[in-house]
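Close look at the chain arrangement
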Amino acid sequence: MAVPGPAEALLAAASCPVCRELFREPVSLRCGHNFCRGCVERCGPGPAGPLRCPQCRDAAPERGLRPSRELGHIAAIARELLPALLPGPPPRPECRRHRQPLRLFCREERALLCAECARERRHRQHRELPAEEAAREYREQIQRRLRSLREEREKFRESRSGGGRSPHLERARAEGQRLSREFQALREALERQQRLLLAQLAQLEAAAGRARERALGKVSEELSQLDTLLWEMEGKFQQPPGRFLQDIQQLLDSCEALRFRPPAEPSPELERGLAEFGRRSAGVRAALGRCQDSLMFLLQEPAALTLDPRTAHPHLQLSADGREARGQLLPRDVPDHPERFDFEPCVLARGGFTSGRHFWEVEVGPGGVWALGVVRESSRRRGALRLSPEEGVWALQAFHSLTSPRAAPRPRPPPRRLRVALDYEGRRVAFFGHGEDAPLLEFTRAAFNGERVLPWFKMGVGARLREVARGQQRAVSPLDWVGFGFSLRICP
């Protein structure tokens, strides 16, 4: 009798005597025999007695089934080694319930089935196909996914090594190039307009020069004639009295005729040309200013302002984030020091500016009394303030629906959201409605005197003031009487 090889011996030692397959959850009976737990349970107790060992028929109570972990470990090792050790193709898997080959595949449950399993009720409505065909389809699906992953990996490697470009980076670069071209086109258009204006100015200068030359020529001729007449008169003075008096009437007539005619004023055409050029130049400057404002508002972030509690008037209450001021009737108990406003209900922002272009936006109430703008750091904080550039204050003020200064027309009432723009080097302070390009009020040639400029806010006037619309009945609170009905808030 041939001695079985090591592989066959390992297979026999690690197989269940009932199902002839490698052990699955092996258990040991009291008699010492080993079986799969499922095989022992299927050989359950019969109607005539208790559970018995399938091999020696010895009684084996269910409480005596002890798991054999060592045998399960050996079966797992054999399951890994036997396909490589045993000759021929690996054994086809079988259904553990029906002992039939698993030749079908259920798409819904993604599980292998035998013919008996496929005829069960829960699989009747499922789609089944041969296992070989299902394996082929899933292999193709997984291979397509692997090819896609390999392509993405190669693209990423190329982009990381510099051989390729990120689509986001390409889009950003394309946008940057487009902006550069548009700015270049705008620059060229502005240069053309500059050359046109300079050419017009050169023509006006040439015309003014020609008029000046003509005027100087006429003046020279007049002066020459006048010198001649003066020389002749001085010669008459040297004559004897008799000779001098003989032509006295002619001499007096000549003196009366002596006149110095200064050069004529510029011609009306030249005056009209100069006035028209001035209007065009002012329009161009205004358009350039609006363009700069629009670009600043679109591209630049607003200044991050917070209110300085050290400067707040006692009747002003600041929010915890330092971006809102609200008036109150009773004063707060705060330290008194030179930086705090003691008469006007005002407050300053922290920091301030000594250079550059900056803007910030403020929400105001639909009524009440408020003002906002900028002040020089050295401006007065004690006593009554006068809102004027001479005092170092450049501000827009609203008393209910009226605005100050009142010389320039502006919306009535003012917008609920205002934008303050500061150009330190340009010595300009302007106030805009939110989203508008034309300023409501503009200060030019502001005398900052090299000082730090601080954003400034004011609420109420500390007096009994109110506005009651005609025919409108509404309750007026004490806060409305002093102009504290609404808060001021710096927009984010």
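Points about the environment of Ala 430
Among the secondary structure elements, Ala 430 is positioned in strand S15 (residues 428–433). For Ala 430, a relative accessible area of 0% translates into the label buried. On a C-alpha basis, the gap between Ala 430 and Asp 293 in space is 9.7 Å, while along the polypeptide they are 137 residues apart. Contact partners of Ala 430, with chain neighbours within four places excluded, come to Arg 419, Val 420, Ala 421, Pro 439, Leu 441 and Glu 442.

Looking at the sheet that holds strand S8 (residues 324–327)
In any sheet, the strands associate via hydrogen bonds between backbone groups, in a parallel or an antiparallel arrangement. Pairing within the open sheet is antiparallel, and its 7 strands lie in the order S7-S8-S18-S10-S14-S15-S16. Since the sheet does not close on itself, it has two edges, and those belong to strand S7 (316–318) and strand S16 (441–443), each with one partner. Taken over all neighbouring pairs, the strand axes of this sheet differ in orientation by 20° on average, direction set aside. The pairing of strand S10 (residues 357–363) with strand S18 (residues 488–490) spans 2 bridges and is antiparallel. Residue pairing in the sheet places Glu 363 in a bridge with Arg 489 of S18. Together, S10, strand S14 (417–423) and S15 form the strand contacts of helix H9 (residues 268–299), whose direction differs from that of S10 by roughly 70°.

Regarding the pairing of S15
S15 sits mainly inside the fold: 6 of its 6 residues count as buried. With burial as the criterion, each face of S15 is covered, one bearing Arg 428, Ala 430 and Phe 432 and the other bearing Val 429, Phe 431 and Gly 433. Pairing geometry for S14 and S15, over 6 bridges, is antiparallel. Looking at the pairing, Ala 421 lines up with Ala 430 of S15. Linkage of S14 to S15, two consecutive antiparallel strands, is achieved through a turn of 4 residues, within which Arg 427 is found at a positive phi near 55°.

Focus: the pattern of salt bridges
Throughout the structure, instances matching the rule amount to 24 salt bridges. Measuring nitrogen to oxygen at the nearest pair gives 2.6 Å for the salt bridge that ties Arg 419 to Glu 361. A residue pair is termed long-range when its members are at least 10 positions apart, and Arg 419 in strand S14 and Glu 361 in strand S10 qualify at 58 residues. Exposure remark for Arg 419: the relative accessible area of 8% places this residue in the buried category. Among the charged side chains, a network of salt bridges with common partners joins Asp 293, Arg 357, Asp 423, Arg 428 and Glu 442.

Topic: the packing of aromatic side chains
Throughout the structure, instances matching the rule amount to 5 aromatic pairs. Measuring from centroid to centroid gives 5.8 Å for Phe 353 and Trp 360, while their planes differ by 15°, and the two rings are stacked. Exposure remark for Trp 360: the relative accessible area of 1% places this residue in the buried category. With centroids separated by 6.4 Å and ring planes inclined at 80°, the aromatic side chains of Phe 431 and Phe 443 adopt a geometry described as edge-to-face. You can see Phe 431 sitting in strand S15 and its partner Phe 443 sitting in strand S16, a full 12 residues away along the chain. You'll find Phe 431 and Phe 443 in the same group, each marked buried. Three or more aromatic residues joined by ring pairs make a cluster, and in this case those are Trp 394, Tyr 424 and Phe 448.

Side note on H9
The first and last C-alpha atoms of H9 sit 46 Å apart over 32 residues, in line with the 46 Å expected at 1.5 Å per residue. Residues of H9 that are buried: Leu 270, Phe 277, Ser 281, Gly 289, Asp 293, Ser 294, Met 296 and Phe 297.

So, the nonpolar core
Residues Trp 360, Trp 370, Leu 372, Val 429, Phe 431, Phe 448 and Phe 457 are the most contacted members of the largest nonpolar core, which totals 36 residues. Leaving out residues up to four positions away in the same chain, Phe 448 has contacts with Arg 376, Trp 394, Leu 422, Asp 423, Tyr 424, Arg 427, Arg 428, Val 429 and Val 453. Counting residues in each nonpolar core, the second largest holds 15 residues, with Cys 36, Cys 39, Val 40 and Leu 51 among its members.

Some thoughts on the confidence of the model for the chain
Model confidence for the chain is summarised by a mean pLDDT of 78, while 81% of its residues fall at 70 or above. Low pLDDT, under 50, characterises residues 400–404; the stretch is placed with 19 contacts to residues that sit more than four places away or in other chains. Here residues 462–475 is modelled with pLDDT under 50, and outside its nearest four sequence neighbours on either side it reaches 18 contacts, counting other chains as well.

Section: unusual backbone geometry
Unusually for a residue other than glycine, Glu 25 sits at a positive phi of about 50°. Among the secondary structure elements, Glu 25 is positioned in the loop between helix H1 (6–13) and strand S1 (26–28). Despite not being glycine, Arg 110 shows a phi value in the positive range, around 50°.

Some words on a positive patch on the surface
On the surface, Arg 24, Arg 42, Arg 79 and Arg 96 cluster together into a patch of positive charge. By relative accessible area, which is 34% here, Arg 79 ends up partly exposed.

Cut-offs applied
- Residues numbered from 1 in each chain as written.
- Predicted model: local features only at pLDDT ≥ 70, side-chain atom pairs only at ≥ 80, totals over all residues.
- Heavy atoms only, no water.
- Helix = DSSP H or I, 4+ residues; strand = E, 2+ residues; numbered from the N terminus.
- Buried < 20%, exposed > 50% of the residue type's maximum accessible area, 1.4 Å probe, protein only.
- Contact = heavy atoms within 4.5 Å.
- Pairing = 2+ DSSP bridges.
- Axes fitted to C-alpha atoms, helices over the stretch in contact; angles between N-to-C directions.
- Salt bridge = Lys/Arg side-chain N within 4 Å of Asp/Glu carboxyl O.
- Phe/Tyr/Trp six-rings, centres within 6.5 Å; stacked < 30°, edge-to-face > 60°.
- Expected span 1.5 Å × (residues − 1).
- Core = buried A, V, L, I, M, F, W, Y, C linked by side-chain atoms within 4.5 Å.
- pLDDT = per-residue confidence, 0-100.
- Patch = residues over 30% accessible without salt bridge, like charges linked within 9 Å, V, L, I, M, F, W, Y side chains within 5 Å.
- Areas by Shrake-Rupley, 256 points an atom, 1.4 Å probe, with all protein chains shown as cover.
- Lys, Arg positive; Asp, Glu negative; His and termini not counted.
- Charge placed at Lys NZ, Arg CZ, Asp CG, Glu CD.

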